[in-house]
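Spelled out, the chains give:
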Amino acid sequence: MIRINDIIEKITAYNPSVDVDIIDRAYIYSARVHEGQIRLSGEPYLSHPLEVADILAGMKLDVTSVAAGLLHDVIEDTDASPKEIKEIFGSDIYHIVSGVSKLSGLPLKGAQARQAESIRKMILAMANDIRVIMIKLADRLHNMRTLEYHSRSKRTEIAQETLDIYAPIAARLGIYWIKNELEEISFRYLQPDICAEIEQLVQKDRVERENFIDSVQQFIKRKMEENHLKCEVLGRYKNFYSIYQKMLNQNLKFEDIYDVIAFRIILDSIPQCYEALGIMHSLWKPIAKKFKDYIGFPKPNMYQSLHTTLIGFSGERVEIQIRTHEMDRVAQSGIAAHWSYKEGQHVDEKVSQAFAWIQNLVENQATVQDPDEFLENVRIDLFPDEVYVFTPQGEIKTLPKGATPVDFAYMIHTEVGNQCTGGKVNGRMVPLSHELKTGDIIEIVTTKNHHPSKDWLTFVKTVKARSKIRHWIKTQEKERSLSLGREMLEKAFRKYRSNFNTMIKSAEINKVVEHFGFKTTDDLIASVGYGKITPLQVVRKFVTKTDEDEQDSIFNRLIGRVRKKKPKTGVVVHGIDDILVRFGKCCQPVPGDLIVGYITRGYGVTVHRKNCKNALGMNPERRIDVEWNAEVAESYPVKIRVLSIDRVGLLADIAATINKEGANIVSADTQTRENKTVDSFFTIVVENTGQLKRTVAALKKVKLVQEVKRIEN
């Protein structure tokens, strides 16, 4: 276990004059309140806050950050009270520790909602003090390093959350060493077989690659010295996860990836960087569109470097990054390299501007209540591949890659977005779905009383545009549902010789509203209009049983028979009987998938997978809880894609494997490409996700099959 003295030595090495008294006090307090607690690894729990504090000290952060790292779990995992933390260590440390703490005690509906609220709280806290997320990243990094002690399902859950949320945050903050390590560990647990295969392929020619790295390093260094440029040349292997991403995104085999190794040239000044670039381009032929100038156009996280790919020795491709020593320090440490909280100072204004995306993320989430939508929006904000565009006045605006004039309009102002009817790009009218490019000059055309279109949700890229469009649609749908719900209730009450308008003015209405879980009468009426509850359910809360029996008796005598119950379906809709249920063709859910239902007027309830893009884009007000009916055994269609190398008998072997697992092929479509790879798309019928997983696993074992995955329309 790491010692507190080791941490203090690290701190005094980069800040000799600092007072470490608060570190000592935080250590003693943490040791006292965590006494007797044991981690899953069998180590004393104190080892975890010590490791977190050591990571923070390694990043050369201030003593407040390191002390908060030692205390980051005391509110959540011990009897320590927030009031006590504030009194002993001050408001700064209290706010940081409070921001890092999870919301595990909240009475929320399910782990997804709890995760969303925990991340929301963390984002709000880090907007006020960026040290919150620095400590959270250090906390997550050490937890990932000891992930092996969790159960298999918990490992998968934590690794996926890390890959979705924490690694992108580290990248956005420019702390690439943490981002890379989080991705590598997550990859190892989420895709163990593929990770092991890539590692084996990298190790296969390791000696040859080491010789290649050495020869290229010496060649570059010699050429720089010939031109009187003092530099440092480094060669490194790319991370396994980044190799996998390239194989996946570009549909490449490992042998076809040319930049498994990257080189870095580090110099003293910016002019030397451009001079070195010229030398390398004169020695080796540069590849078109593979040059990026992040010195002239730094990334939002302040990363700067020149990137180029060249055709080197014997025709192989060589990726090179050229930067100064200061740029290299920033590239390694990100925002930590600009830290200036020492001596009670504040973060530099330029640094604050560079990380203004955090504040934007906070503002964008302010009105989003749905956990799925919130997490989707956070992921969108954390994966921006930016383009830089200009207003007609020459003001530069940053938008995610693929952004449209509608995204630009909402960035200017909500009303500009709502009333947007057209866009001019570089003086020419373009469709609203037109993708903007760096350097474009954008002018928005607006029309008074114009409103957003639901179709815009299919192409907008920014969270702000998506949220504002959804908000407008939700408002309009609620107004329509209020009108429809009122009409339906008035009709239902007349049938029972009652007046709905009189009933809603009675004292009893408050009890009825509360019974159905709503806050206002309008919410109850709108819910009837949406179709979430039926008018009869409301009527039964007002009409006496005698009146109801009389109405039923008259009705049955007129009909002459009692309706038979419809056969049970594979999905149960909570709170509603006898309703039409259908499945979304876009995601094709099967038993075992997490599912959600959406009310569709005239079509009953449509069931989608919880992570379906179409479902995430729907109005949360139409959502209704559904679950699989364990009493009903049915078969469901699902689409899979099989990528393989062409050979004789391939299709027959795939079909036989599917049949052997008890699944049935409904349709098949195969495409053979010029590189001898075969893309096969099958619609198969299965009973549940277990059978689907077994079928996919069996197909992966078929000779020359490279990849098998489930797909959505």
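Residues numbered from 1 in each chain as written. Predicted model: local features only at pLDDT ≥ 70, side-chain atom pairs only at ≥ 80, totals over all residues. Heavy atoms only, no water.

Draft legend 1. Quick look at the environment of Ala31. By the element assignment, Ala31 lies in helix H2 (residues 21-33). On the basis of relative accessible area, Ala31 is assigned to the partly exposed category, the value being 25%. When the C-alpha positions of Ala31 and Pro49 are compared, they lie 9.4 Å apart, and in sequence the two are 18 residues distant. (Helix = DSSP H or I, 4+ residues; strand = E, 2+ residues; numbered from the N terminus. Buried < 20%, exposed > 50% of the residue type's maximum accessible area, 1.4 Å probe, protein only.)

Draft legend 2. A look at the sheet that holds strand S11 (residues 442-446). Spatial strand order, S10-S9-S11: three strands in an open sheet with antiparallel pairing. The open sheet has two free edges, formed respectively by strand S10 (428-430) and S11, since each of these has just one partner strand. For this sheet the average axis-to-axis angle between neighbouring strands, irrespective of direction, equals 35°. Examined bridge by bridge, strand S9 (residues 420-425) and S10 share three bridges and lie antiparallel to one another. Across the sheet, residue Gly423 finds its bridge partner in S10, namely Val430. (Pairing = 2+ DSSP bridges. Axes fitted to C-alpha atoms, helices over the stretch in contact; angles between N-to-C directions.)

Draft legend 3. The arrangement of the side chain of Ser644 in detail. Tracing the sequence through the fold places Ser644 in strand S18 (residues 636-645). Aside from chain neighbours lying at most four places away, what touches Ser644 is Leu650, Lys676, Thr677, Val678, Leu704, Val705 and Gln706. (Contact = heavy atoms within 4.5 Å.)

Draft legend 4. Focus on a positive patch on the surface. A cluster of basic side chains, namely Lys290, Lys292, Arg317 and Lys401, defines a positive patch on the protein surface. Assessed through its relative accessible area of 45%, Lys292 is described here as partly exposed. (Patch = residues over 30% accessible without salt bridge, like charges linked within 9 Å, V, L, I, M, F, W, Y side chains within 5 Å. Areas by Shrake-Rupley, 256 points an atom, 1.4 Å probe, with all protein chains shown as cover. Salt bridge = Lys/Arg side-chain N within 4 Å of Asp/Glu carboxyl O. Lys, Arg positive; Asp, Glu negative; His and termini not counted. Charge placed at Lys NZ, Arg CZ, Asp CG, Glu CD.)

Draft legend 5. Representation of the pattern of salt bridges within the structure. According to the stated counting rule, one finds 19 salt bridges in the structure shown. One salt bridge connects Arg264 with Asp328, and the closest N-O pair in it is separated by 3.6 Å. Of the two residues, Arg264 sits in strand S2 (residues 261-267) while Asp328 sits in helix H16 (residues 325-333), which places them 64 residues apart along the sequence. A relative accessible area of 12% means that Arg264 is categorised as buried.

Draft legend 6. Looking closely at the sheet that holds strand S21 (residues 705-711). Spatially, S19-S20-S18-S21 is the arrangement adopted by the four strands of the open sheet, whose pairing is antiparallel. Edge positions in the sheet fall to strand S19 (664-672) and S21, since each of these pairs with one other strand and no more. Each strand of the sheet is rotated relative to its neighbour by a mean of 20°, with strand direction disregarded. Pairing analysis gives eight bridges linking S19 to strand S20 (residues 677-686), with the strands arranged antiparallel. Within S20, the residue paired with Asp669 across the bridge is Phe681. Strands in contact with helix H29 (residues 650-660) are S18, S19 and S20; relative to S20, the strand with the most contacts, it is inclined by about 25°. Lying over the sheet, helix H30 (residues 689-700) contacts S18, S20 and S21, oriented at roughly 160° with respect to S21.

Draft legend 7. Here's a closer look at the packing of aromatic side chains. Overall, the coordinates contain eleven aromatic pairs when judged by the stated rule. Aromatic side chains Trp628 and Tyr636 sit 5.4 Å apart centroid to centroid with 75° between the ring planes, which places their arrangement in the edge-to-face category. Judged on exposure class, the residue Trp628 and its partner Tyr636 are both buried. Members of the aromatic cluster, connected to one another through ring pairs, are Tyr176, Tyr294 and Tyr303. The ring of Tyr45 carries Arg39 above its face, with NZ or CZ at 6.0 Å from the centroid. (Phe/Tyr/Trp six-rings, centres within 6.5 Å; stacked < 30°, edge-to-face > 60°. Lys NZ or Arg CZ within 6 Å of the ring centre and 35° of its normal.)

Draft legend 8. Broad picture of the environment of His451. The residue His451 is located in the loop between S11 and helix H22 (463-495) in this model. By relative accessible area, which is 43% here, His451 ends up partly exposed. Measuring from C-alpha to C-alpha, the distance between His451 and Gly417 comes to 8.8 Å, with 34 residues separating the pair along the chain. Here the side chain of His451 touches Asn449 through a polar contact of 3.3 Å, landing on its backbone oxygen. (Polar contact = N/O pair within 3.5 Å; in protein donor to acceptor, adjacent residues only side chain to side chain.)

Draft legend 9. Unusual backbone geometry, seen in detail. For Lys60, which is not glycine, the phi torsion reads 60° and is therefore positive. With a phi angle near 55°, Asn426 is a residue other than glycine that sits in the positive phi range. With respect to the secondary-structure elements, Asn426 resides in the loop between S9 and S10.

Draft legend 10. Structural detail: the packing of H2 against helix H4 (residues 63-71). The geometry of H2 relative to H4 is characterised by a closest axis approach of 9 Å and an angle of 5° between their N-to-C directions. Put simply, H2 runs roughly parallel to H4. Residues Ile22, Ile23, Ala26, Tyr27, Tyr29 and Ser30 of H2 touch H4, and the partners they reach there are Val63, Val66, Ala67, Leu70 and Leu71. The class makeup of the residues in the contact of H2 with H4 is ten nonpolar, one polar and no charged. (Parallel < 35°, antiparallel > 145°, perpendicular 65-115°, else oblique. Nonpolar A, V, L, I, M, F, W, Y, C, P; charged D, E, K, R; others polar.)

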